[in-house]
Amino acid sequence: MRKFITLLSLMAAFCVNAQVVTVTSDMVMTDSAAYFPQLSLDGRHLVYAPTDAHPLVMQDVATGATRVVSDEGLPGFDAVFDADGNIVFMTMEQRKGRLIYRGVNRYDVEKGKIKRLLKPQHGAVHIVKGTKGMALIGESKSKDLKKAGTVAWTRGDKLMISVDGNVRELRPVQGTVGLLWASVSPDGTKVVFEAAAKGTYVCDLMGNYLTPLGMYLMPCWYNNEYLVAMSNAGNIRLTGSNIHLLKADGSFAQALTDNEIAAIQPMVCGDKIVFTTKTGVVHVMTISIQD
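Residues numbered from 1 in each chain as written. Predicted model: local features only at pLDDT ≥ 70, side-chain atom pairs only at ≥ 80, totals over all residues. Heavy atoms only, no water.

## Details of the overall build of the protein chain
Next, step 1: Looking only at helices and strands, the protein chain has 1 helix and 28 strands in total.
Next, step 2: Taking 19 Å as the expected radius of gyration for a compact globule of 291 residues, we find that the protein chain reaches 19 Å, a close match to that expectation.
Next, step 3: With respect to the principal axes defined by its C-alpha atoms, the protein chain has extents near 55 × 45 × 35 Å.
Next, step 4: Each of the 291 residues in the protein chain was classed as buried or not, and the buried ones make up 51%.
Next, step 5: Long-range contacts, defined here as pairs at least 24 residues apart, represent 36% of the contacts in the protein chain between residues at least 6 apart.
Next, step 6: With an accessible surface of roughly 14,000 Å², the protein chain has 51% of that area assigned to carbon and sulfur atoms.
Next, step 7: A gap of 8 Å separates the mean positions of the 30 positive and 27 negative side-chain charges of the protein chain. (Helix = DSSP H or I, 4+ residues; strand = E, 2+ residues; numbered from the N terminus. Rg over C-alpha atoms; globule rule 2.2 N^0.38 Å. Buried < 20%, exposed > 50% of the residue type's maximum accessible area, 1.4 Å probe, protein only. Contact = heavy atoms within 4.5 Å. Areas by Shrake-Rupley, 256 points an atom, 1.4 Å probe, with all protein chains shown as cover. Lys, Arg positive; Asp, Glu negative; His and termini not counted. Charge placed at Lys NZ, Arg CZ, Asp CG, Glu CD.)

Here it is as structure tokens:
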């Protein structure tokens, strides 16, 4: 199901500190049970999965037609589109001793074929977008780290930052059990991440000038100055969340959705904000910002 939401509230302007944010469109892409959504850069394809990440489904945005990309190894958790519009996704398998091994694959959208990019290995594996490209980062083997430019990922309570393959380990927040959802701003000068039980922060590439943004989850860069994230208040599994626009210097925060939608799992694709809801209804939103 695809439809435009035309409620007058979507066109309302939010004014805080002389900034005006206007939701200019909100397109509903799915009926239900669609989570972990990702949109291709050209806007032609959407991928998503049910809550258990099995299977991974691709939808043609123009026609609404769907096809299964993969139904093995819980492929829906970390799927992303690469610069060519193909789908890069992780699969997991249990081996001897109940150890979990993770591999990375690419699905060619035009040919409908899957190619292995990184062989399964024990430990965490990250599919990370950098300033120049995509890197596949594992605890024992990685791929394209240097080619990706400036990238960031997390390992326990450590923030990992690589600039052209030169990796540094930082601990910008003390007293947290772990960090999540690290990513580099488009211009490669700032990093956002979430510290468990502490909140979301922005820092420079050395871990300095730490700016607390508040209690948010799954932050992602909208542009070099703004981020999109979901709120982290109360029991999200029961009540849902709102999608917020945040300024990276901590001076501005505004909800883009209301409580009735119960919006979760945001991502940014160009000028589009993609998210789903507690019931798995995927939205594609556009906004206008006037400083």
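## Observations concerning the sheet that holds strand β21 (residues 211-214)
Next, step 1: One open sheet holds the 4 strands; their spatial order is β18-β19-β20-β21, and the pairing between them is antiparallel. Either end of the sheet is taken by a strand with one partner, and the two such strands are β18 (179-184) and β21. Between one strand axis and the next, the sheet turns by 20° as a mean value, whatever way the strands run.
Next, step 2: Sheet topology note: the β18/strand β19 (residues 190-195) ladder contains 4 bridges and is antiparallel. Of the residues in β19, the one forming a bridge with V184 is V191. (Pairing = 2+ DSSP bridges. Axes fitted to C-alpha atoms, helices over the stretch in contact; angles between N-to-C directions.)

## Here's the deal with the nonpolar core
Soluble globular proteins tend to bury their nonpolar side chains together.
Next, step 1: Within the largest apolar cluster, 23 residues are counted, with the highest numbers of intra-cluster contacts made by Y222, V228, I243, L245, L256, I273 and I287.
Next, step 2: Among the secondary structure elements, those contributing two or more residues to this core are β3 (19-28), β4 (35-39), β22 (216-221), β23 (226-231), β24 (243-247), β26 (263-269), β27 (272-277) and β28 (283-290).
Next, step 3: With sequence-adjacent residues up to four places away left out, V228 is seen in contact with M218, P219, C220, Y222, I243, H244, L245, P266, V268 and I273.
Next, step 4: Residues L159, V173, L179 and C203 belong to the second largest nonpolar core, which totals 14 residues. (Core = buried A, V, L, I, M, F, W, Y, C linked by side-chain atoms within 4.5 Å.)

## Let's talk about the sheet that holds strand β11 (residues 113-122)
Next, step 1: The 4 strands lie next to each other as β8-β9-β10-β11, forming an open sheet whose pairing is antiparallel. Looking at the sheet topology across the chains shown, the edges are occupied by β8 (80-81) and β11.
Next, step 2: Judged from the 9 bridges that link them, strand β9 (residues 87-95) and strand β10 (residues 99-108) form a sheet pairing that is antiparallel. Among the inter-strand pairings, M92 is bridged to a residue of β10, identified as R102.

## With respect to unusual backbone geometry
Next, step 1: Here the bond from H54 into P55 is cis, since omega is 5°, no more than 30 degrees from zero.
Next, step 2: Looking at the secondary structure, you find P55 in the loop between β5 (45-49) and β6 (56-60).
Next, step 3: One non-glycine residue, A33, adopts positive backbone phi at about 55°.
Next, step 4: Take A33: it is sitting in the loop between β3 and β4.

## Comments concerning the environment of T22
Next, step 1: Along the polypeptide, T22 turns up in strand β3.
Next, step 2: Looking at T22, the relative accessible area reads 17%, which means it is buried.
Next, step 3: A C-alpha to C-alpha distance of 5.4 Å links T22 and I287, two positions 265 residues apart in sequence.

## Section: the packing of aromatic side chains
Next, step 1: Applying the stated criterion across every chain, the model contains 3 aromatic pairs.
Next, step 2: Ring centres of F36 and F77 lie 5.3 Å apart, and the angle between their planes is 70°; on these two criteria the pair is classed as edge-to-face. Of this pair, F36 sits in strand β4 while F77 sits in the loop between β7 (66-70) and β8, and the two are 41 residues apart along the sequence.
Next, step 3: Here Y226 and F252 contribute two aromatic rings whose centre-to-centre distance is 6.2 Å and whose plane-to-plane angle is 85°, an arrangement assigned as edge-to-face. Here F252 lies in the loop between β24 and β25 (253-255) and Y226 lies in strand β23, a separation of 26 residues in the sequence.
Next, step 4: The ring centre of Y101 lies 4.4 Å from the NZ or CZ of R95, which sits over that ring. (Phe/Tyr/Trp six-rings, centres within 6.5 Å; stacked < 30°, edge-to-face > 60°. Lys NZ or Arg CZ within 6 Å of the ring centre and 35° of its normal.)

On their own, these measurements won't tell you what the molecule is for.
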